Amino acid sequence: MSTKSTNSMKPFHCPVEATFSQIGGKYKMIILYHLLHDGVLRYNQIQKYIPQATAKMLAQQLRELEADDLVHREVYPVVPPKTEYSLTERGISLKPVIDAICDWGREYMAGTFDE
């Protein structure tokens, strides 16, 4: 059974819940952001972007993104092993969402919101 058909059967109560079932996670949006803007990345490159993530947590987040068909994982049969990550078409479809969150974050970081 594919992930897509499984997700369409889940009883979501609102569209935000459905969206966060795919992109909610401690580091998922950061991973998606860097893959969107940098293209193909190796595991170590992603790890450098998120130094606070443990190896176990980063691997788990990448596996979940892959299982949800947002990220493609390519393993090359070389020694040492080479693994590259990129966005799938479904992952690329999140560009407007990621860009909007990025814009909001820039404003927040600039301190332009009233407190």
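Values in this document were obtained by computation on a predicted structure and should not be read as measured data.

Some points on unusual backbone geometry
Working step 1: Residue Pro-80 follows Val-79 across a cis peptide bond; omega there is -5°.
Working step 2: Tracing the backbone shows Pro-80 in the loop between strand 2 (71-76) and strand 3 (82-87).
Working step 3: Phi angles above zero are rare outside glycine, and Asp-69 is one such case at about 60°.
Working step 4: Within the secondary structure layout, Asp-69 lies in the loop between helix 5 (55-67) and strand 2.

Side note on a nonpolar patch on the surface
Working step 1: There is a patch of nonpolar side chains on the surface, built from Trp-104, Tyr-108, Met-109 and Phe-113 and spanning about 530 Å² of accessible area.
Working step 2: Residue placement: Trp-104 occurs in helix 7 (residues 95-110).
Working step 3: Look at Trp-104 and you get exposed, because its relative accessible area is 52%.

A short note on the pattern of salt bridges
Working step 1: Tallied over the full model, the rule gives four salt bridges.
Working step 2: Between Asp-99 and Lys-95 there is a salt bridge; the shortest N-O distance is 2.5 Å. Within this pair, Asp-99 and its partner Lys-95 are both found in helix 7, separated by four residues, close to a single helical turn.
Working step 3: Looking at Asp-99, the relative accessible area reads 21%, which means it is partly exposed.

Examining the environment of Glu-89
Working step 1: Residue placement: Glu-89 occurs in helix 6 (residues 89-92).
Working step 2: By relative accessible area, Glu-89 is classed as exposed at 73%.

A short note on the packing of helix 3 (residues 28-38) against helix 7
Working step 1: Across the interface, helix 3 lies against helix 7 with an axial gap of 10 Å and an inter-helix angle of 110°. Classified by the interaxial angle, the pair formed by helix 3 and helix 7 is roughly perpendicular. Of the residues in helix 7, those in contact with Met-29, Leu-32, Tyr-33, Leu-36 and His-37 of helix 3 are Lys-95, Ile-98, Asp-99, Ile-101 and Cys-102.
Working step 2: Of the residues contributing to the contact of helix 3 with helix 7, the split by class is seven nonpolar, one polar and two charged.

So, the sheet that holds strand 2
Working step 1: Taken in spatial order, the three strands of this open sheet run 1-3-2, and their pairing is antiparallel. Strands at the two margins of the open sheet, each flanked by one partner only, are strand 1 (41-42) and strand 2.
Working step 2: Of the pairings in the sheet, the one linking strand 1 to strand 3 comprises two bridges and is antiparallel in character. Within strand 3, the residue paired with Arg-42 across the bridge is Glu-84.
Working step 3: Of the strands in this sheet, strand 1, strand 2 and strand 3 are in contact with helix 3, which crosses strand 3 at around 90°.

Conventions adopted
- Residues numbered from 1 in each chain as written.
- Predicted model: local features only at pLDDT ≥ 70, side-chain atom pairs only at ≥ 80, totals over all residues.
- Heavy atoms only, no water.
- Helix = DSSP H or I, 4+ residues; strand = E, 2+ residues; numbered from the N terminus.
- Patch = residues over 30% accessible without salt bridge, like charges linked within 9 Å, V, L, I, M, F, W, Y side chains within 5 Å.
- Areas by Shrake-Rupley, 256 points an atom, 1.4 Å probe, with all protein chains shown as cover.
- Salt bridge = Lys/Arg side-chain N within 4 Å of Asp/Glu carboxyl O.
- Buried < 20%, exposed > 50% of the residue type's maximum accessible area, 1.4 Å probe, protein only.
- Axes fitted to C-alpha atoms, helices over the stretch in contact; angles between N-to-C directions.
- Parallel < 35°, antiparallel > 145°, perpendicular 65-115°, else oblique.
- Contact = heavy atoms within 4.5 Å.
- Nonpolar A, V, L, I, M, F, W, Y, C, P; charged D, E, K, R; others polar.
- Pairing = 2+ DSSP bridges.

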